[in-house]
Amino acid sequence: MRTVKYSTLVIGSGIAGLYAAIKIVQRKDFQGKLLIVTKCPLGESNSRYAQGGIAGVISKNLKDGVSLHISDTIKSGAGLSNPNVVEYVAANSERVINDLDSMGAEFDKDENGDYLYALGGGHSVNRVLHAGEDSTGMVIINALVQFVKNSPKIDIMPKSMAVELLISNNGCKGAIVFDKDLKEYTSVYSDSVVLASGGIGQVYKYTTNPYGATGDGVALAYMAGAKLKDIEFIQFHPTALVLNKETKNRYLISEAVRGEGGKLLNNSGEEFMSKYSDKKELSSRDIVTRAIISEMEKEQSSNVYLKLSDINSDIILKRFPSIWKKCKTNGIDITKDLIPVAHAAHYMIGGVEAQLNGKTSIDDLYVIGELASTEFHGANRLASNSLLECVVSADKLAQDIPLKSENIEIQSDNEIESIIEKYSKTEIQDDTNYHELKNQLRELMWNNVGIIRNEKALTEAKNKIERLLQDCKNKVIYTDFNGYEYRNMLIASNLITECALRRKESRGAHYRSDYPYTKEEAIHTYIRKGE
Ligand SMILES: Cc1cc2nc3c(=O)[nH]c(=O)nc-3n(C[C@H](O)[C@H](O)[C@H](O)COP(=O)(O)OP(=O)(O)OC[C@H]3O[C@@H](n4cnc5c(N)ncnc54)[C@H](O)[C@@H]3O)c2cc1C
């Protein structure tokens, strides 16, 4: 097996991984080289598909901005946000957004050169900055990818999947990486590992997340013995496009559309959100999602509709060119026609317990971005706060991560040798249809561990998932990405289900029909291998 060594290994090339890599190598004391390992082509990630924008407070424009952003975020977090973390992120938004803008991720501005802001659900003022109107993620990722490609201090291994972390008593020393095309393993040794591998959307039947979001980081960190926190909190987005031809990836119709005045209608053509909440279409995502499900159940339909025709068509075309194009190619003119929408799994709120600088319960293992549970979002993420957390957290990690000498010693020991040994074995034939198994798991998670949960459905899911985990218990190496992804999806699903069972209350994005009330005391859920 090939062996390489780097001073830092970054796993994932979404906004968190790319920004962290750039900021680490920009440090004056950085020596040696940094490696980015990424499962898909460089930059392919959830980040790339972000539409609405990034929440930010630019002091010049917004009075009382930071304190209002803090209070909105804490309110949405339903008792589980840490005020110190929220304050740090909100207070640093201006700096990181200006930095991204100067790196070529240009945010939309007015004729005076001031940033333009949109309104997002749960935000009390317009504070969502956007780029390329509704292509914020694409603009940011393109700029960061360019930076990374131009850096002589960064090497890239695209289409390569981290399948296990190299863990010993001395902490995390690298990872085993599997090349998709060559089907070869590499042992990557590094002084520290930054895991920025994003979320879990693909464990659900319908999701807004692209194909790479299979919970790999959750599984890798869990197998390595890291502590996970609040992983039962999964955010479902209420408005994803429903097309006649069923696809598991549902195209997102950004919340910004409702921010501009888009209305939800049921199949009888009635606006219904006022029955569920005073804030109507701009209520938090869990409320809008449950309202949509309730209307769909009443009418036995598979979707509701978004109506934009009351908004001036020039505004629609200017603000939502990508959504317009996507719908148009599917025969829907959003300036006139109703858009069929339903909910889809969107964002993992909890994850691997980490400080804002990425520090985890394992030495030299750092976790940032959607994968991290930093207590910023609490029990419910506010729209557009995710990109912000990713950048602020990546920036803090780059400031705090200890950098070691240029001559990295390979600190191998028996534990690491035995991990490597497993992957040196000859490949075994494997005829398992992992596509089919993945789809069965997605169906189970959608039906039993979705937005409305209860003991019976959760227990049934838990029992089934445990049986499936037993089936692949003795399997160590797989012949392609699909096998590893299925294993990772099973592990992530098991943890989500277990923690959803344990949380016997409804709070934020976690709703239990058998425990519909919120307990007075807000407590976190922790889970670790063997505990
Ligand atoms: C459609 C959509 C729209 C959104 N809109 C917004 C928005 O407007 N505002 C907002 O704040 N948030 C938005 N979000 C959420 C936000 O985009 C994500 O939470 C955020 O971008 C996550 O960034 P990340 O870097 O942590 O992970 P990702 O961007 O998901 O990056 C993860 C990376 O890790 C790689 N990877 C995964 N597993 C492995 C492995 N085993 N080995 C190697 N590489 C691996 C992936 O290929 C990918 O490159 C949206 C999400 C989606 C899906």
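Residues numbered from 1 in each chain as written. Predicted model: local features only at pLDDT ≥ 70, side-chain atom pairs only at ≥ 80, totals over all residues. Heavy atoms only, no water.

### Considerations on the packing of aromatic side chains
Okay, so step 1: On inspection of all chains with the given rule, the structure shows 12 aromatic pairs.
Okay, so step 2: When the ring of Y434 is compared with that of Y478, the centres are 5.8 Å apart and the planes differ by 70°; the resulting orientation is edge-to-face. Taken as a pair, Y434 in helix 13 (residues 434-448) and Y478 in the loop between helix 14 (455-471) and helix 15 (481-502) lie far apart in primary sequence, 44 residues in all.
Okay, so step 3: Relative accessible area serves as the criterion here: at 8%, Y434 is assigned to the buried category. (Phe/Tyr/Trp six-rings, centres within 6.5 Å; stacked < 30°, edge-to-face > 60°. Helix = DSSP H or I, 4+ residues; strand = E, 2+ residues; numbered from the N terminus. Buried < 20%, exposed > 50% of the residue type's maximum accessible area, 1.4 Å probe, protein only.)

### Some details on the side chain of D72
Okay, so step 1: Tracing the backbone through its elements, the reader meets D72 in helix 2 (residues 65-76).
Okay, so step 2: At 2.7 Å, the side chain of D72 forms a polar contact with the backbone nitrogen of S124. (Polar contact = N/O pair within 3.5 Å; in protein donor to acceptor, adjacent residues only side chain to side chain.)

### Remarks on the domain arrangement of the chain
Okay, so step 1: Entries for the chain in the domain assignment read domain 1 (237-345) and domain 2 (431-527).
Okay, so step 2: Domain 1 and domain 2 are separated by 28 Å when their C-alpha centres are compared.
Okay, so step 3: Facing 8 residues of domain 1, the contacting portion of domain 2 comprises 7 residues.
Okay, so step 4: Both sides of the domain 1 and domain 2 interface together cover about 630 Å² of buried area, and 77% of this is carbon and sulfur.
Okay, so step 5: Summed over the shared surface of domain 1 and domain 2, the result is 0 salt bridges.
Okay, so step 6: Applying the counting criterion to the domain 1 and domain 2 interface returns 0 residue pairs in polar contact (both at pLDDT 80 or more).
Okay, so step 7: Among the secondary structure elements, those contributing two or more residues to the side of domain 1 that touches domain 2 are helix 8 (285-299) and strand 14 (339-348).
Okay, so step 8: Per-element accounting of the side of domain 1 that touches domain 2 gives the leading share, 4 residues, to helix 8.
Okay, so step 9: In terms of residue class, the side of domain 1 that touches domain 2 is made up of 3 nonpolar, 2 polar and 3 charged. (Domains from an automatic or database assignment. Contact = heavy atoms within 4.5 Å. Buried area = accessible area lost by both parts, 1.4 Å probe. Salt bridge = Lys/Arg side-chain N within 4 Å of Asp/Glu carboxyl O. Nonpolar A, V, L, I, M, F, W, Y, C, P; charged D, E, K, R; others polar.)

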